[in-house]
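Residues per chain are reported as follows:
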Amino acid sequence: MKKLLLAGGAGFIGSHLVDRLLKRNDLDVLVVVDSLWTGRAENIDHIRDQRLVLVRSEVEHFKSDFQFDEIFHLASPASPPVYMREPERTVSANLIGAMRLLKLLKKGGRICFASSSEVYGNPLVNPLPETYRGSVDCTGPRSSYDEGKRCTEALLLESNRVRGVDVRVARIFNVYGPRTRADDGRAVSNFIANALAGKPIVVHGDGLQTRSWGYVDDIVDGLERLFWLENFNHVGAVNVGNDREISVLEIAQYVAGLIPGTTIVHDEPAPQDPTNRRPDLTLCRRILPGWSCKVPYEEGIVRTLRWFEANGGIAEMTATHAI
């Protein structure tokens, strides 16, 4: 039986990953470490499994008498307003967090890291293969997140090269769905929350910048297979996302059409907002045959809207802008 640790398990994606991990029958204990900086205890309140232990702590400062068989590092904000406001803390959660987690990994254990498509910066190619080195401004307002992810990838993959640590890295593209904070600055959740509150949907710039919107259930299906279900020899980052590219404006218009009376307004472009973001999934499909994002954004947005309606997402909204 295995001892697992999930850093960031009360967050949006992390909490969905907790649900999947608790379905495993080889699990002795699952320790979830979360500072609740951007995570919410409510995201895992529904769980009654006694194998789950929640520890409120910054990942960098977490201590345990255990050595863990598998560690999952999702302890980082993915909210642009948050990481732009607290860059030191963002870099620390990613990089120093990974250093701390490596010390808690049992010899022969596996560490899995949720990296991001943000490592590609404002890309000059489309779609994006894992071999693309990126076009990142290492001193820009998004750099704490972008470079924090890039450096953590480097640390973990060098740990593999030098010490043979079993490492799996997912570069996750844009994700939306239930349990997203309404105030986290990401487009789908902010558009829905604004519309439900009777406020205009705010689109930065002309809205023609594109993203590849992955519904959370599909993305977690991919992470589950990449992190523990599949056996493969590949060492390196793997893109996980939807390769259907849709503009931000189209998403805004779709949300507005679901909630009568909703208007759309345009604001100044967000700083260094990438113009496009679509994964090349060639490697992912080779490693995870048959996996894809199956939920179209039209259906996924309706599911997300219903969740916000049922869970009072309006009350926690403090921002009207989305990136």
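Report follows, based on the coordinates. (Residues numbered from 1 in each chain as written. Predicted model: local features only at pLDDT ≥ 70, side-chain atom pairs only at ≥ 80, totals over all residues. Heavy atoms only, no water.)

## A short note on the nonpolar core
- By size, the foremost hydrophobic cluster in this structure holds 38 residues, and its most contacted members are Leu6, Val18, Leu30, Phe72, Leu226 and Phe227.
- Listed by contribution, the elements that provide at least two residues to this core are β1 (2–7), α1 (12–21), β2 (27–33), β5 (105–116), β6 (166–172), α6 (216–229), β11 (237–240) and α8 (282–287).
- When residues of this core are assigned to their parent elements, the largest contribution, 7 residues, is made by α6.
- Among residues more than four places away in sequence, those in contact with phenylalanine 227 are Leu17, Phe72, Arg110, Cys112, Phe113, Arg168 and Ala170.
- In terms of nonpolar packing, the next biggest core, distinct from the first, is built from 25 residues, Ala187, Ile201, Tyr215 and Tyr297 among them. (Core = buried A, V, L, I, M, F, W, Y, C linked by side-chain atoms within 4.5 Å. Buried < 20%, exposed > 50% of the residue type's maximum accessible area, 1.4 Å probe, protein only. Helix = DSSP H or I, 4+ residues; strand = E, 2+ residues; numbered from the N terminus. Contact = heavy atoms within 4.5 Å.)

## Some points on the environment of glutamate 58
- If you trace the backbone, glutamate 58 turns up in the loop between β3 (52–55) and β4 (68–73).
- Between the C-alpha atom of glutamate 58 and that of alanine 7, which follows or precedes it by 51 residues, the distance is 8.9 Å.

## Observations concerning empty space enclosed by the protein
- Inspection of every chain in the model, using the stated rule, returns 2 cavities of 30 Å³ or more.
- One number sums up the size of the second largest cavity: a volume of about 30 Å³.
- Ranked by residues supplied to the lining of the second largest cavity, first place goes to β6 with 3 residues.
- Residue composition of the lining of the second largest cavity, by class: 5 nonpolar, 2 polar and 1 charged. (1 Å grid on protein atoms, 1.4 Å probe; cavity = no way out; pocket = protein on both sides within 12 Å on 5 of 7 lines; lining within 4 Å. Points joined across faces, edges and corners; volume = space filled by probe spheres on them. Nonpolar A, V, L, I, M, F, W, Y, C, P; charged D, E, K, R; others polar.)

## Remarks on helix α9 (residues 297–311)
- Here α9 spans 21 Å end to end across 15 residues, near enough to the 21 Å set by a 1.5 Å rise per residue.
- Turning to α9, its buried residues number three or more, namely Tyr297, Gly300, Ile301, Thr304, Leu305, Trp307 and Phe308. For α9, the arc enclosing every buried residue in end-on projection is 160 degrees, short of the 170-degree limit, so these residues lie on one face. (Expected span 1.5 Å × (residues − 1). Arc of directions from axis to C-beta.)

## Brief notes about unusual backbone geometry
- Cis rather than trans, the peptide bond between asparagine 126 and proline 127 has omega equal to 0 degrees.
- Residue position: proline 127 is located in the loop between β5 and α4 (143–163).
- Positive phi values are uncommon outside glycine, yet arginine 179 reaches one of about 85 degrees.
- Positionally, arginine 179 belongs in the loop between β7 (175–176) and α5 (187–196).
- Taking the relative accessible area as the measure of exposure, arginine 179 reaches 14% and is therefore buried.

## Some details on the environment of isoleucine 259
- Inspection of the secondary structure puts isoleucine 259 in the loop between α7 (248–258) and β13 (264–267).
- Residue class for isoleucine 259 comes out buried when judged on its relative accessible area of 13%.
- Along the sequence, isoleucine 259 and cysteine 151 sit 108 residues apart, while their C-alpha atoms lie 42 Å from each other.
- Setting aside residues up to four positions removed in sequence, isoleucine 259 forms contacts with Ile192, Ala195, Leu196 and Leu305.

## Quick notes on α5
- A large share of α5 lies buried, amounting to 9 of its 10 residues.
- Along α5, the positions that sit buried rather than exposed are Ala187, Val188, Ser189, Asn190, Phe191, Ile192, Ala193, Asn194 and Ala195.
- Looking at the buried side of α5, the elements it contacts are β7, β8 (201–204), α7 and α9.
- Glycine 198 sits one or two positions beyond α5 and adopts a positive phi of about 75 degrees.

## Considerations on the packing of aromatic side chains
- With the rule as written, the count across this model stands at 9 aromatic pairs.
- Between phenylalanine 72 and phenylalanine 227, the aromatic rings sit 6.0 Å apart at their centres with planes inclined by 45 degrees, giving tilted as the arrangement. Separated by 155 residues along the polypeptide, phenylalanine 72 in strand β4 and phenylalanine 227 in helix α6 bring together distant segments of the chain. This pair shows no difference in class: phenylalanine 72 is buried, exactly as phenylalanine 227 is.
- Ring centres of tryptophan 307 and phenylalanine 308 lie 5.1 Å apart, and the angle between their planes is 90 degrees; this geometry places the pair in the edge-to-face category. Comparing tryptophan 307 with phenylalanine 308, the two get one shared label, buried.
- Put simply, the rings of Phe72, Phe227 and Trp228 touch in pairs and so form one group of aromatic residues.
- Seen from the ring of phenylalanine 66, lysine 3 lies directly overhead, with NZ or CZ sitting 5.2 Å from the centre.
- The ring of tryptophan 37 has arginine 89 sitting right over it, with the charged end atom 4.0 Å from the ring centre. (Phe/Tyr/Trp six-rings, centres within 6.5 Å; stacked < 30°, edge-to-face > 60°. Lys NZ or Arg CZ within 6 Å of the ring centre and 35° of its normal.)

## What to know about the side chain of asparagine 242
- Within the secondary structure, asparagine 242 sits in the loop between β11 and β12 (245–247).
- Look at asparagine 242 and you get buried, because its relative accessible area is 8%.
- A distance of 2.9 Å separates a polar side-chain atom of asparagine 242 from the backbone oxygen of tryptophan 213.
- At a separation of 3.0 Å, a polar atom in the side chain of asparagine 242 contacts the main-chain amide nitrogen of arginine 244.
- Not counting the four nearest positions on each side in its chain, asparagine 242 is found in contact with Ser212, Trp213, Gly214, Pro279 and Cys293. (Polar contact = N/O pair within 3.5 Å; in protein donor to acceptor, adjacent residues only side chain to side chain.)

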